[in-house]
Amino acid sequence: ASMCDVFAFCAPQEPPRRAVEIRFVSSGKGKGLFATRAIRKGETIFQEKPLVSSQFQWNALYRYRACDHCLRSLETAEENAQRLSGNAHVVLPYPELCTVRNGLHQQCPRCQVTYCSAECLKAAADQYHRALCLGASRDNPAHPLNKLEEAWRNMHYPPETASIMLMARMVGTIKQVQAQDKDWWMHLFSQFCNKTANEEEEIVHKLLGDKFKGQLDQLRRLFTDALYEERVSRWFTPEGFRSLFALVGTNGQGIGTSSLSQWVHACDALELPPREREQLDSLIDQLYKDIEKVTGEFLNCEGSGLYLLQSCCNHSCVPNAEASFPDNNFILHLTALEDIQPGEEICISYLDCCQRDRSRHSRQKILRENYLFVCSCPKCLAQADDPDITSEEEEEEEEDDAELEGEAEDAELEDEMTDV
């Protein structure tokens, strides 16, 4: 299979001239994504759909209703706001700006899993859902797939970073596709970066905690009971399962969708008289304050997906691109944060905004523990001579210094009082 075919699969709405190409960088970095033409700041470099995606288990359990295929939020913006704020009386103005259409929602006729549209129901059924459909056993805790999900929830608590069902959908895809397509899908899954046995063990340890060896073996047995497929029998061996786990842990891209967020962005684009704009902004600000009190940081329908092009983007603490999900579904938009020249590598950040502002030592610690590499981006190289202490240690030192200064001032004051 050619990389052209991979591009065709990944990018459903490619611009007339492809803006990127995949190149081998080094044995340490593996592949990278490079600009083939000048890209302007703010430009959408590409849009990409995942090979597979899945909502997080706890997120679904806590009634974050999302399309089972594309993760589109199924609540209207007003319903979303009411649930997140714990206030059933919230009424949002400009309801026509909400893009959720309840009348288009569809359910699998066998298991009643909900989709945002007939198109998503068909896409899921054609790729993996027929192999995974629970039918009348959807609420049966003894069903092997339900036992697998329950075991996963008991091992991986919020904030969630991965989903066992992402791996299940990989197997479901191989089970279900036509014989002539199985090699093609296995080729696509093989495109994601591989790790050594020691690195895989570190990733699994990070995902499952101190008891990961026993937990991993339990998960593998449940995974095998629910999903065994001869064509990918290696995935069910101890080594193969750990490798599959590490693939998802390293390459899985978080997905967040929100009908409320999409409504807010639409409101921001409205041209309103100053007084109306002030009233609307005030309403939105108060709504988010109310939501923060009730829900905290868990605002979105959350899941993860495997994206072939995005997974080729290497990390930088000063990224020139970022991924987002403005369509309220799993379509990833990669957007330029600054002008990018032809031949320049396109980098995203694996750290959030707050983490990027921390010390070099803190950033390196996070990246080493979660992604198993030492960053050598321009920011890290410029700060190479900084002291090797974490941001927390810096804060503690500052607090200690402040306390010492305070004590010194108190002592000076006492001396002055004694002198008087």
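Remember, predicted model here, so these are calculated numbers, not experimental data. (Residues numbered from 1 in each chain as written. Predicted model: local features only at pLDDT ≥ 70, side-chain atom pairs only at ≥ 80, totals over all residues. Heavy atoms only, no water.)

J.: A description of the overall build of the protein chain should follow, citing residues and the corresponding values.
T.: When helices and strands are tallied, the protein chain shows 16 helices and twelve strands. With 420 residues in all, the protein chain has 45% of them scored as buried. Carbon together with sulfur atoms contributes 49% to the accessible area of the protein chain, which is approximately 21700 Å² in total. (Helix = DSSP H or I, 4+ residues; strand = E, 2+ residues; numbered from the N terminus. Buried < 20%, exposed > 50% of the residue type's maximum accessible area, 1.4 Å probe, protein only. Areas by Shrake-Rupley, 256 points an atom, 1.4 Å probe, with all protein chains shown as cover.)

J.: So what about the environment of Ser-73? Which residues, and what values?
T.: Tracing the sequence through the fold places Ser-73 in the loop between α2 (57–61) and α3 (77–85). In this structure the C-alpha to C-alpha distance between Ser-73 and Asn-328, which are 255 residues apart in sequence, comes to 6.7 Å. Excluding anything up to four places from it in sequence, Ser-73 contacts Arg-65, Ala-66, Val-100, Thr-257, Ser-258, Ser-259, Cys-301 and Asn-328. (Contact = heavy atoms within 4.5 Å.)

J.: Give me the lowdown on the sheet that holds strand β4 (residues 53–55), citing residues and values where you can.
T.: Strands sit in the order β4-β8-β7 across an open sheet of three strands; the sheet is antiparallel. In this open sheet, the two edge strands, each paired with only one partner strand, are β4 and β7 (253–257). Strand-to-strand, the axes of this sheet are offset by a mean angle of 30 degrees, without reference to chain direction. Bridge count between β7 and strand β8 (residues 301–305): five bridges; the pairing is antiparallel. (Pairing = 2+ DSSP bridges. Axes fitted to C-alpha atoms, helices over the stretch in contact; angles between N-to-C directions.)

J.: Lay out the environment of Met-165 with the relevant residues and their values.
T.: Mapping Met-165 onto the fold places it in helix α6 (residues 164–176). Judged by its relative accessible area of 9%, Met-165 is buried. On a C-alpha basis, the gap between Met-165 and Leu-145 in space is 9.1 Å, while along the polypeptide they are 20 residues apart. Look past the residues within four positions of Met-165 in its chain and what remains in contact with it is Ser-54, Gln-57, Leu-145 and Glu-149.

J.: Let's hear about the sheet that holds strand β11 (residues 332–336): which residues, and what values?
T.: Each strand in a sheet pairs with its neighbour through backbone hydrogen bonds, running either in the same direction (parallel) or in the opposite one (antiparallel). Strands sit in the order β3-β11-β10 across an open sheet of three strands; the sheet is antiparallel. The sheet is open, and its two edges are formed by β3 (44–48) and β10 (321–324), each paired on a single side. Pairwise comparison of adjacent strand axes, ignoring direction, gives a mean angle of 20 degrees for this sheet. Pairing between β3 and β11: four bridges, direction antiparallel. Note that in β11 the partner of Thr-44 across the bridge is Thr-335.

J.: Tell me about the packing of helix α11 (residues 259–268) against helix α12 (residues 274–295), and please be specific about residues and values.
T.: Each packed pair of helices is defined by two parameters, the angle between the axes and the distance between the axes. The contact between α11 and α12 brings their axes to 11 Å, and the two run at 160 degrees. Viewed along their axes, α11 and α12 adopt a mutual orientation that is roughly antiparallel. The handedness of the crossing between α11 and α12 comes out as left-handed. Residues Leu-260, Ser-261, Trp-263, Val-264, Cys-267 and Asp-268 of α11 pack against Arg-277, Leu-280, Ile-284, Leu-287, Tyr-288 and Ile-291 of α12. Looking at side-chain class alone, the contact of α11 with α12 contains nine nonpolar, one polar and two charged residues. (Parallel < 35°, antiparallel > 145°, perpendicular 65-115°, else oblique. Left-handed = near helix turned anticlockwise from the far one by under 90°. Nonpolar A, V, L, I, M, F, W, Y, C, P; charged D, E, K, R; others polar.)

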